[in-house]
Amino acid sequence: MTPLSVLLVEDNPRNLKLARDVLEHAGFAVTAVTTGEEALTAARVGMPDVILMDLQLPGIDGHAALSRLRADPVTAGIPVIALSAFAMQADRERALVSGFDGYLMKPISVRDFPDQVRDHALGGGTRDGAP
Amino acid sequence: MTERDDERSTPGRAVEADDPVWLAARLAEAQKQLAATREILSLLATASTSEDDVFDAVVENARRICRAQVAQIHLADGEHFKVVSASGYTAHYAAFATRNPVPLNRGTLMGRIALDRRTHQIDDVLADPDYNLPEFQRLGGYRSLIGAPMVVDDEVVGVLMVWRTTVEPFNEHTADVLTTFAEQAALALRNVELSSALQARSAELARKVDEMEALAEVGQAVSSTLDPDEVLTTIVEHAVELSGADGGSLMEYDEESLLFRVRTTYGTSDAVRARLKTVRVHVDESFVGRAATSGTPVQVPDLSQVDLDPHLRLLSDAGWRSLVVIPLVRPDRIVGALVVRRLTPGAFSDEVCDLLTAFASQSAIALTNARLYQQLELQRRELATTSQHKSDFLASMSHELRTPLNAVIGFSEVLLERMFGELNDRQADYVQDILDAGRHLLALLNDVLDLSKVEAGRMELEVTTFPAVDAIHAVLALVRERAGQHGVELRFDPAEAPTHITADELRIKQVLLNVVGNAVKFTPEGGSVTLRAWTEGPEVLITVSDTGIGVAEADRSRIFDSFQQGTRSASSSEGTGLGLTLTRRIVELHGGRMWLDSELGVGSTFGLALPRQLQEHHPVESWSDPAAPDGRRSVVVIEDDPSSAELVGVHLTAAGLRPVTVRTGEEGLAAIRALRPTAVVLDIHLPGMDGWDVLSAIKADPQLASTPVVVVSVLPERGRGFALGAADYLVKPVSKEGLLGAVWRAVAERVDRSGARRDVVVIDDDPAALELVRATLEPRGWTVTTCTGGAEALSVIRSVNPSIVLVDLLMPDVDGFEVVDTLRADPRTAATPVVVLTAKSLTARDRQRLQGRIEFVASKGELDLSWLAARLTEVAAGGGDGRREVEP
């Protein structure tokens, strides 16, 4: 069975390293980029099973990147999970309303994180995979 | 004396009566006389007739009927008679008579008539040695004269006189005719006098009515709106119109710069207004300033005749010719000036000045209110901005802290999960420390966010009904491990616990976890923590008792404040310092309360009470508890449309009331009987019994009849509503202000009828705040005594014994808390109701200090003045509910 592929979009190098290492340890194939623009290209080229997207990014932010992904027929069907340090209920609701398939709040729970990502990648994801 | 009185003609009449020819002539004469009298009477009956028209008709007819050459009317003017109307004068005589008044003495016939107040005649003036008007006689050539007095109000005001140029004395009949004509002339004079007096009087009345209306309108504008420009424009406009002036301006005085500034103008061109706004009007160096300082109206009848300061010069250049300055003063200071101007020179009458002075006192209040309003508005905006900044700051701080915490906590977990290899014990211990510290920081962050949400009023409860015992067990399970590590026993007896709790389950678990966690933390090894839950009256009570170190009495009241752990903090650095604050806020958000009993070295019991009312599915059954546990007054809302009911409920809740909503009229009546609510909000269109029937039933029941009912309906049938006894009638859609205004008015009216004494002592170190309260309460019939300090207030309160005391908390000498303490400690004032009006946001400790000692707290920042007035009225009437709650 081929490992699930994840496109990780995260501008903070430590958090990128944490998520990447945890996911790779759990058997995911991880591609990591640090900007929204890179994410668009990587998504078209790599066609990942799931995209983990930080909301606050340099250049185009997570919301803008999501709408471009959705606007492109090639990438429109890829599940995208928001991964954010915004902790307000309103932030989560706004993300889900704007079309993210899930919302994971930082700090992540290392133990649960791979399962949460896997659930979304397989399409049966709980929309509110809150820590 | 040769003059012949009327009586002397009597013998002559007997002879003449036998003569048929004379009789025929007499009849014709009588007919002519009748026609003449009719003519005069018809003139008199015409309202528009002037006295001159009547006099002309009288002299014309008198001359003809009396067969005289001349008839004339003279009116008294001091010691003389002046001719006002004549028939048969030559031009020469007319000119002479007009120039020469007739003296009032016995040398003239007019004098004799006036002095004796009766008809006189002179058969031949040349044979009358006393007659003393040779010049008149020579020019007029008259010989026989007769005249009759015109009497008005017992006074001879004039004389009707006819003359013949031959010696041909007038008979008695002619004398009668003349007397009649004189009476008619007098009547005309009287009519005209009455009519002009009447006109003057009605003009005066009309003016008074205008003034009253204008004052009332201004008064209404002053009290009904706080939009400063609207009020001030109304004032200037009315002042100008009522004083018959052409324009005016209202100037505001700034005590700091000592300058007057034009605030609003009327009847003034845009260009002039713009220049007026920039002209410098200093209190010591300007005409307006000197007038304002004098405290009385000062006028300039002609601007071209006086030295002009820059302000007056500007007006003069713009074509204004006269003006009056009315100072606007409050008891202790100048607030501005009203300037009323004319384009023509001339003095302003005392009446106008009096009227304008009356306006000025209204204007001074309006101006003061407007300033206060602006200050409040500014403060409110600043507060809102500050609050928004705080929220924004917290949100971004949370984000920025969470980002590194993610790495701290995450990598610690990676290591502890041994994902990439084993750790030795010491390494594992250190990494665990890093993880614990990271999680502590995260908990602190979450508490800060929660607390800010509660304080911003943005925490919403998701109320559900959940099994009480399960929830408590879940909480205990979370701390059991830690309790075991500390050697602390957890005790809970589910037997007495309620089956269900209706509340926000997650929040209540958060509260219990915090309290139980604290108890475990502060209980030494071998001790125990006991949780009890039970139902008591309208509340669910939960207590958590420990055998810990206890809380010193000094710390008990502030332990619920942020970052206060009392002496317990010495033993532990755990906890965020926000837990109890947040816990208490969450409980209060549910309408509940928290308390602490503690004894040092023995243990502590934290208690929380949640209202059961939240959890009743069938509110009808709970109505047997009229006292709401949270102290709010209930309003029964009878409304079958859920969204309308919810909206009304939201508005009432926001106003500190407790809405009890029912869907039918029958339920509504039951609720009203059980609850005796403060007011009822009633829809008309209801299933079953309709709103009209409900209203009639309420008003027909003597026990319920006084309950104010505000009808809210889509039907525009105000008349029917009021006829049936509704306190107010609102047509949907209803605004929040409309609804609350009607409810508070209804409540206040009911209280008003109780005739309670309404005098208040207001204590505040801010004079502006005092003025605002005065301006709010005085028009509503309150006697307001103001004090600027607590010490002064205490003696004032003892001497005037007011029905209510309104006190600010933060004052320089004796503060509001001390005032409350002193009043409560003195048996003479222990029962005097106290209301706190403050800009301070109350801490839990403040509330605890005031709890049970005051009626309610009004916050200056978000004060609705009519609400305040209504609630004070209610308190003064003892119409409050007797509870003394400090609302969150």
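All of these numbers come straight from a predicted model, not from anything done at the bench. (Residues numbered from 1 in each chain as written. Chains lettered and ligands numbered in written order. Predicted model: local features only at pLDDT ≥ 70, side-chain atom pairs only at ≥ 80, totals over all residues.)

Peer 1: I'm lost on the overall build of chain A in this one. Help?
Peer 2: Counting secondary structure elements, chain A contains five helices and five strands. Scanning chain A from its N terminus toward the C terminus, one meets helices and strands in the order β-α-β-α-β-α-β-α-β-α. Look at the contacts in chain A between residues 6 or more apart in sequence, and 58% of them connect residues 24 or more apart. (Helix = DSSP H or I, 4+ residues; strand = E, 2+ residues; numbered from the N terminus. Contact = placed C-beta atoms within 7 Å.)

Peer 1: Would you explain the overall build of chain B in this entry?
Peer 2: Assigned secondary structure in chain B consists of 28 helices and 29 strands. Taken across its 888 residues, chain B has 40% of its residues classed as buried. Intrachain contacts of chain B at a sequence separation of at least 6 include 63% that bridge at least 24 residues. (Buried ≥ 20, exposed ≤ 12 C-beta atoms within 10 Å, placed from the backbone.)

Peer 1: Can you help me understand the environment of Met-110 of chain B in this one?
Peer 2: All names here are of chain B. Looking at the secondary structure, you find Met-110 in helix H5 (residues 109-116). In the structure, Met-110 is positioned 36 residues away from Ile-146 in sequence and 9.4 Å away in space, judged by C-alpha atoms. Sequence-distant contacts of Met-110, that is, excluding residues within four places in its chain, are made with His-74, Phe-81, Val-102, Leu-104, Gly-147, Val-159 and Met-161.

Peer 1: Would you explain the sheet that holds strand S24 (residues 728-731) of chain B in this entry?
Peer 2: Note: strands within a sheet are paired through backbone hydrogen bonds, in either parallel or antiparallel orientation. Residue and element names in this part refer to chain B. If you walk across this open sheet you meet the five strands as S21-S20-S22-S23-S24, and the pairing is parallel. Strands with a single pairing partner mark the edges of an open sheet, and in this sheet they are strand S21 (657-662) and S24. Shown here is a sheet whose adjacent strand axes are inclined to one another by a mean of 20°, direction ignored. Sheet analysis places strand S20 (residues 633-638) next to S21, joined by six bridges and oriented parallel. Looking across to S21, one finds that Ile-638 is bridged to Val-662. (Pairing = 2+ DSSP bridges. Axes fitted to C-alpha atoms, helices over the stretch in contact; angles between N-to-C directions.)

Peer 1: Is there a simple way to explain the pairing of strand S11 (residues 322-330) of chain B in this structure?
Peer 2: Residues and elements named next belong to chain B. Most of S11 sits inside the fold, with seven of its nine residues counted as buried. Pairing geometry for S11 and strand S12 (residues 333-342), over nine bridges, is antiparallel. When the bridges of S12 are listed, Leu-323 appears paired with Arg-341. Between S11 and S12, which pair antiparallel and follow one another directly, the connecting turn spans two residues.

Peer 1: Help me out: how do you make sense of the interface of chain B and chain A in this one?
Peer 2: How big an interface is tends to be stated in terms of the accessible area lost upon association of its parts. If you look at the interface, chain B gives 17 residues, while chain A gives 16 residues. Looking at the side of chain B that touches chain A, the elements with two or more residues in it are helix H12 (350-416) and helix H13 (425-455) of chain B. Among the elements that take part in the side of chain B that touches chain A, H12 of chain B stands out by supplying 13 residues, more than any other. The residue inventory of the side of chain B that touches chain A, partitioned by class, reads nine nonpolar, five polar and three charged. (Nonpolar A, V, L, I, M, F, W, Y, C, P; charged D, E, K, R; others polar.)

Peer 1: I tried to follow the nonpolar core on my own but got confused; where do I start?
Peer 2: Note that soluble globular proteins tend to have their nonpolar side chains buried in a common cluster. All names here are of chain B. Core analysis: the largest hydrophobic core is formed by 77 residues, its most contacted members being Val-636, Val-680, Leu-682, Val-710, Val-711, Val-743 and Val-835. In terms of residues, this core owes the most to one element, helix H23 (residues 736-752), which gives eight residues. Within the second largest apolar cluster, 48 residues are counted, among which are Cys-66, Ala-175, Ala-185 and Leu-189. (Core = buried A, V, L, I, M, F, W, Y, C linked by C-beta atoms within 7 Å.)

Peer 1: Help me understand the sheet that holds strand S5 (residues 144-152) of chain B in this model?
Peer 2: Residue and element names in this part refer to chain B. Spatial ordering of the open sheet is given by S3-S2-S1-S6-S5-S4, a layout of six strands whose pairing is antiparallel. Pairing within the sheet leaves two strands with one partner each, and these edge strands are strand S3 (102-103) and strand S4 (120-122). In this structure, strand S1 (residues 70-77) lies alongside strand S6 (residues 155-164), joined through six bridges in antiparallel fashion. Note that in S6 the partner of Leu-75 across the bridge is Gly-158. Sheet strands touched by helix H3 (residues 51-65): S1, strand S2 (80-87) and S6. Its angle to S2, the strand with the most contacts, is close to 70°.

Peer 1: For this particular structure, what's the right way to read helix H10 (residues 287-294) of chain B?
Peer 2: Along H10 of chain B, the positions that sit buried rather than exposed are Phe-287, Val-288, Gly-289, Ala-291 and Ala-292 of chain B. Backbone geometry just downstream of H10 of chain B places Gly-295 of chain B in the positive-phi region, at approximately 80°.

Peer 1: I keep staring at the confidence of the model for chain A and nothing clicks. Help me out?
Peer 2: Should pLDDT be low for a region, the predicted coordinates there are not to be read in detail. Residues at a pLDDT of 70 or more form 92% of chain A, whose mean pLDDT is 87. Every residue in residues 125-131 of chain A is under pLDDT 50, and counting partners more than four places away or in other chains gives 18 contacts. (pLDDT = per-residue confidence, 0-100.)

Peer 1: Sorry if this is basic, but what is going on with the confidence of the model for chain B here?
Peer 2: Residue and element names in this part refer to chain B. When the pLDDT values of chain B are averaged, the result is 80; 84% of them are 70 or greater. With pLDDT under 50 throughout, residues 1-17 is counted as low confidence; its partners more than four residues away or in other chains account for 19 contacts. Counting contacts from residues 615-630, a segment whose pLDDT is below 50, to residues more than four positions away or on other chains yields 29 contacts. Interface confidence for the predicted complex, given as ipTM, is 0.73, next to a pTM of 0.41.

Peer 1: What's the story with the packing of helix H2 (residues 36-46) of chain A against helix H3 (residues 62-71) of chain A in this structure? I'm lost.
Peer 2: Packed helices, taken two at a time, are described by the angle between their axes plus the distance between the axes. Residues and elements named next belong to chain A. Put simply, H2 and H3 touch, their axes get as near as 9 Å, and they point 25° apart. The angle between H2 and H3 falls in the class roughly parallel. Seen from above, H2 lies across H3 with right-handed handedness. Contacts between H2 and H3 involve Gly-36, Ala-39, Leu-40 and Ala-43 from the former and Gly-62, Ala-64, Ala-65, Arg-68 and Leu-69 from the latter. Counted by class, the contact of H2 with H3 contains six nonpolar, two polar and one charged residues. (Parallel < 35°, antiparallel > 145°, perpendicular 65-115°, else oblique. Left-handed = near helix turned anticlockwise from the far one by under 90°.)

Peer 1: Help me understand the pairing of strand S28 (residues 834-838) of chain B, please; the structure alone is not making it clear to me.
Peer 2: Consecutive side chains of a regular strand alternate in pointing toward one face of the sheet and then the other. Residue and element names in this part refer to chain B. Of all five residues in S28, four are buried; the element is thus mostly enclosed. Relative to S28, strand S27 (residues 804-807) runs parallel, the two being bridged by three bridges. Paired with Val-807 across the two strands is Val-836, which belongs to S28. After leaving S27, the chain enters helix H26 (residues 816-825) and then returns to the sheet as S28, a path that is right-handed. For S28 and strand S29 (residues 856-859), the ladder comprises four bridges, and the chain directions are parallel. (Right-handed = clockwise from strand over helix to strand, strands pointing away.)

Peer 1: Would you mind showing me how to read the environment of Thr-41 of chain A here?
Peer 2: Residue and element names in this part refer to chain A. With respect to the helices and strands, Thr-41 occurs in helix H2. For Thr-41, a count of 11 C-beta atoms within 10 Å corresponds to the exposed category. Residues Thr-41 and Leu-69 lie 28 residues apart in sequence; the distance between their C-alpha atoms is 9.7 Å.

Peer 1: Help me out: how do you make sense of unusual backbone geometry in this one?
Peer 2: Residues apart from glycine generally show negative phi values, whereas peptide bonds are mostly found in trans. Along the chain, Lys-106 of chain A connects to Pro-107 of chain A via a cis peptide bond; the corresponding omega equals 0°. Note that Pro-107 of chain A resides in the loop between strand S5 (102-105) and helix H5 (113-121). The backbone of Arg-117 of chain B sits at a positive phi, close to 55°, despite the residue not being glycine. Note that Arg-117 of chain B resides in the loop between H5 and S4. The exposed category is assigned to Arg-117 of chain B, around which 11 C-beta atoms lie within 10 Å. Within the chain, Leu-258 of chain B stands out as a residue other than glycine whose phi angle is a positive 65°. Taking the C-beta count within 10 Å as the criterion, Leu-258 of chain B has 14 such neighbours and is therefore assigned partly exposed.

Peer 1: In this structure, what is going on with H3 of chain B? I would like to understand it.
Peer 2: One turn of the α-helix equals 3.6 residues, which is why residues spaced by three or four share an orientation. All names here are of chain B. Taking 1.5 Å of rise per residue, 15 residues should cover 21 Å, and H3 covers 21 Å from first to last C-alpha, within 8% of that figure. Of all the positions in H3, only Glu-51, Val-54, Phe-55, Ala-57, Val-58, Val-59, Asn-61, Ala-62 and Ile-65 are classed as buried. A positive backbone phi angle near 50° is found at Arg-67, which sits one or two residues after H3. (Expected span 1.5 Å × (residues − 1).)

Peer 1: Help me understand the environment of Arg-64 of chain B, please; the structure alone is not making it clear to me.
Peer 2: Residues and elements named next belong to chain B. Note that Arg-64 resides in helix H3. Here Arg-64 falls in the partly exposed class, since 16 other C-beta atoms lie within 10 Å of it. Along the chain, Arg-64 and Lys-32 lie 32 residues apart, while their C-alpha atoms are 9.3 Å from each other.

Peer 1: Could you clarify how one ought to interpret the packing of helix H20 (residues 665-675) of chain B against helix H21 (residues 691-700) of chain B in this entry?
Peer 2: Residue and element names in this part refer to chain B. Remark: H20 packs on H21, axes separated minimally by 10 Å, with the N-to-C direction vectors making an angle of 25°. For the element pair H20 / H21, the angle class is roughly parallel. With respect to the hand of their crossing, H20 and H21 are arranged in right-handed fashion. Listed contacts from H21 to Gly-665, Gly-668, Leu-669 and Ile-672 of H20 are Gly-691, Asp-693, Val-694, Ala-697 and Ile-698.

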